Amino acid sequence: MKLVDMHCDTISELFAKMKEGRADTLAKNELHIDIEKMKKGDYLLQNFAMFVNLKEREDPLAYCLELIDLYYSQMKLNEEVIAPVFCYEDIEDNRKKGKMSALLTIEEGGVTSGSLAHLRNYYRLGVRMLTLTWNHENGIGYPNVTLKDGKADWHTPNTVKGLTDFGLEFIQEMEDIGMIIDVSHLSDAGFYQVLEHTSKPFVASHSNARSICPHVRNLTDDMICKLSERGGVMGMNFFPVFLGEDKDAGTISAIVRHILHIRNVGGYECIGLGSDFDGIPGHDELKDSSCMPLLAEALKKEGLANNEIEAIFYKNVLRIYKELL
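Residues numbered from 1 in each chain as written. Predicted model: local features only at pLDDT ≥ 70, side-chain atom pairs only at ≥ 80, totals over all residues. Heavy atoms only, no water.

A look at unusual backbone geometry
Item 1. One non-glycine residue with positive phi stands out, namely His185, at about 85 degrees.
Item 2. Counting through the fold element by element, His185 comes out in the loop between β8 (180-182) and α7 (188-197).
Item 3. Its identity is not glycine, yet Asp276 carries a phi of approximately 70 degrees, on the positive side.
Item 4. Mapping Asp276 onto the fold places it in the loop between β11 (271-273) and α11 (292-301).
Item 5. Exposure remark for Asp276: the relative accessible area of 6% places this residue in the buried category. (Helix = DSSP H or I, 4+ residues; strand = E, 2+ residues; numbered from the N terminus. Buried < 20%, exposed > 50% of the residue type's maximum accessible area, 1.4 Å probe, protein only.)

This is the structure in structure tokens:
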């Protein structure tokens with residue numbers, strides 16, 4: 001079963017290991033994702049997110065550019081088996097050549113330093129999807145996590161603070177240039193502003209269902225419906241913390257439970273995969289990208305038709321890419 005994964009943090013992890021003097025590469029490493037594991041998992045396309053924690057980087061823009069440089073250097077080293085894509089036709093070309101595809105994304109809109117020019121320059125560098133916020137306010141908008149007595153509150157969503165005036169300009173520019181808006185991490189208030197002030201499909205690249213797991217990183221049923229009505233897609237996140245609050249949270253069954261719920265609420269057409277591999281400690285049963293066929297088997301056992309599983313694994317996301325890229 002071919003698959004498209006909308007989110008991983010592998011490049012950021014490789015960069016950190018490189019700074020430690022390790023020789024890990026995208027070809028082979030001890031992370032969740034490498035070329036060998038992707039082949040075993042039958043990957044069609046992987047989104048590689050350039051993750052930047054604003055509180056840890058003195059110059060977030062410069063750091064993001066270093067990550068992008070590493071991304072392209074790894075693409076060059078592995079060009080016989082994987083190639084970067086900039087439009088939908090590139091994905092089809094790679095498939096015909098027997099190559100996997102890589103899509104460059106950013107997780108943290110603050111790396112644009114409050115400049116639409118920098119946003120456009122990231123597009124020129126190949127970035128085709130951007131997560132508006134991570135867990136910090138960034139000039140574009142506010143995340144869904146709030147602080148109470150200095151501690152993160154992961155159960156009370158931010159329904160008041162959304163996008164700034166600049167943030168509204170920012171999402172309009174993203175639509176105009178052809179960069180996909182990603183609302184994972186964004187506050188509830190921000191989600192509805194994106195819905196109100198845009199016209200094209202957008203995504204929640206690595207978010208689950210809040211009705212199943214009451215974590216603010218997940219979408220409410222109303223959000224799922226609105227996202228689906230717009231033609232958007234949400235990628236299933238494999239982090240047990242976002243899957244449940246019981247001992248079964250690290251199982252494949254927990255992922256299936258979210259998929260079945262979202263299918264009932266918004267239809268299977270709005271479901272994709274957004275593993276968050278290498279950005280999370282891991283998943284108990286889906287240990288790395290080579291294990292993805294296990295999820296397809298579980299969905300089949302649950303009674304999903306083959307066309308539904310194909311849609312969830314890759315066709316829903318490709319539909320958006322065909323429309324927007």
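After presenting the structure, the write-up continues.
Thoughts on helix α4 (residues 88-96)
Item 1. Within α4, the full set of buried residues consists of Tyr88, Asp90, Ile91, Glu92 and Asn94.
Item 2. Elements in contact with the buried residues of α4: β2 (43-51), β3 (82-84), β4 (100-107) and α12 (306-324).
Item 3. Two residues or fewer after α4 comes Gly98, characterised by a positive phi angle close to 75 degrees. (Contact = heavy atoms within 4.5 Å.)

Re the confidence of the model for the chain
One rule of thumb: low pLDDT means the predicted coordinates there are not for detailed reading.
Item 1. In this model, the chain carries an average pLDDT of 97, and 100% of its residues clear a pLDDT of 70 or more.
Item 2. The lowest-confidence element of the chain is strand β6 (residues 146-148), averaging 76 in pLDDT; the highest-confidence one is β8, averaging 99. (pLDDT = per-residue confidence, 0-100.)

So, helix α5 (residues 116-124)
Item 1. Every buried residue of α5 is accounted for by Leu116, Leu119 and Tyr122. Buried residues of α5, viewed axially, fall in a sector of 115 degrees; they line one side.
Item 2. Contact partners of the buried residues in α5: α3 (60-77), β4, β5 (127-131) and α6 (165-177).
Item 3. Phi for Gly126, located one or two positions after α5, is positive at around 115 degrees. (Arc of directions from axis to C-beta.)

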